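Single-letter residue listing:
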Amino acid sequence: MSIRLITFDLDDTLWDNRPVILGAETAMRDWIDQHAPRLASQPVDHLGQVRGRLLEAEPGLKYRLSELRRRTLRHALEGVGHDPEEAAHLAEGAFQAMLEARHTITFFSDTVTTLELLANQYSLGVITNGNADVRRLGLADYFSFILCAEELGVGKPDAKPFQEALARSGMSADQAVHIGDHPGDDIGGAQAAGWRAVWFNPQGKTWAGEQEADAQIRSLGELPALLQRWESMS
């Protein structure tokens, strides 16, 4: 059956996420240094330890990144002596500083042109475990739906996000293709749900997953031709 639905991962698929996360962490730390010196004086790994304890107590938070970040900050601030109301206020300030930097993104050079081309031929969607918002990035018009783990309560490789994508689009699994960089979350998750999956591998890494991806690409600009080849073979 012909391809009608294409979904994309976001981080490290539409942009390089390493400098983005580094910038977001730096912005948050700078905000804390200025507004919450008691927390700033703690060891560098203090927030990580608080985060770890929260995840141990409530593992489902790993799919709710924004909530996890807010709770980590709030607990850490209360732990250094801020009352709950003040801690909540400071936590939100630090979170918003991080979130603004989180959306300071440089797309891969062919991201926008590829989305423009594909949006004229296919239904496009987003399936992400992260907390980037394509509406803040100017990409929302290309996508029919946006599914994030935070809202669903579960993330890739669970089948639920892929099943929800089919429900939103009205397509069947044999009409769907997912594009992503993670061998387990993206490729394994999509294939287990009955989809085809394309591994985005710009660095030419060696495959480390289980079942091979249906195809791999080094740049997003290769995707339209790949889809056309599959269409011609169907």
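To be clear, the structure that these remarks concern was listed above.
Describing the pairing of strand β5 (residues 196-200)
Of all 5 residues in β5, 4 are buried, a share of seventy percent or more. Here strand β4 (residues 176-180) runs beside β5; their pairing, made up of 4 bridges, is parallel. The residue of β5 that forms the bridge with G180 is W199. One crossover worth recording links β4 to the parallel β5 by way of helix α9 (residues 183-192), and it is right-handed.

A word on the environment of F143
With respect to the element layout, F143 can be found in the loop between β2 (123-128) and β3 (145-148). Spatially, the C-alpha atoms of F143 and G184 are 24 Å apart, while their sequence positions differ by 41 residues. Other than its neighbours up to four places away in sequence, F143 contacts F8, L14, L115, L124, G125, V126 and V134.

Some thoughts on unusual backbone geometry
Cis geometry is found at the peptide bond from K156 to P157, where omega equals 10°. Among the structural elements, P157 can be located in the loop between α7 (149-152) and α8 (159-169). In this structure, D12 is a non-glycine residue whose phi angle is positive, near 65°. Looking at the element boundaries, D12 is found in the loop between β1 (5-8) and α1 (17-35).

A look at the side chain of T72
When you line up the elements, T72 lands in helix α4 (residues 65-79). Here T72 is in contact with L47, V50, R51 and L54, once residues within four sequence places are set aside.

Here we look at the packing of aromatic side chains
Using the criterion set out here, one finds 5 aromatic pairs in the structure. Seen from their ring centres, W15 and F107 are 6.1 Å apart, and the 50° between their planes marks the pair as tilted. Of this pair, W15 sits in the loop between β1 and α1 while F107 sits in the loop between α5 (84-102) and α6 (111-119), and the two are 92 residues apart along the sequence. Measuring from centroid to centroid gives 5.5 Å for F108 and F200, while their planes differ by 55°, and the two rings are tilted. One end of the pair, F108, is in the loop between α5 and α6; the other, F200, is in strand β5, and 92 residues separate them in sequence. Under the relative-accessibility criterion, F108 is labelled partly exposed at 24%. For F200, a relative accessible area of 3% corresponds to the buried category.

Regarding the packing of helix α3 (residues 46-57) against α4
Here α3 crosses α4 at 120°, and the two axes come no closer than 9 Å. Two packed elements cross with a definite hand, and for α3 against α4 that hand is right-handed. Where α3 abuts α4, its residues H46, L47, V50, R51, L54 and L55 lie against L65, L68, R71, T72, L73, H75 and A76. Each residue belonging to the contact of α3 with α4 can be placed in one class, and the counts come to 8 nonpolar, 3 polar and 2 charged.

What counts as what
Residues numbered from 1 in each chain as written. Predicted model: local features only at pLDDT ≥ 70, side-chain atom pairs only at ≥ 80, totals over all residues. Heavy atoms only, no water. Buried < 20%, exposed > 50% of the residue type's maximum accessible area, 1.4 Å probe, protein only. Helix = DSSP H or I, 4+ residues; strand = E, 2+ residues; numbered from the N terminus. Pairing = 2+ DSSP bridges. Right-handed = clockwise from strand over helix to strand, strands pointing away. Contact = heavy atoms within 4.5 Å. Phe/Tyr/Trp six-rings, centres within 6.5 Å; stacked < 30°, edge-to-face > 60°. Axes fitted to C-alpha atoms, helices over the stretch in contact; angles between N-to-C directions. Left-handed = near helix turned anticlockwise from the far one by under 90°. Nonpolar A, V, L, I, M, F, W, Y, C, P; charged D, E, K, R; others polar.

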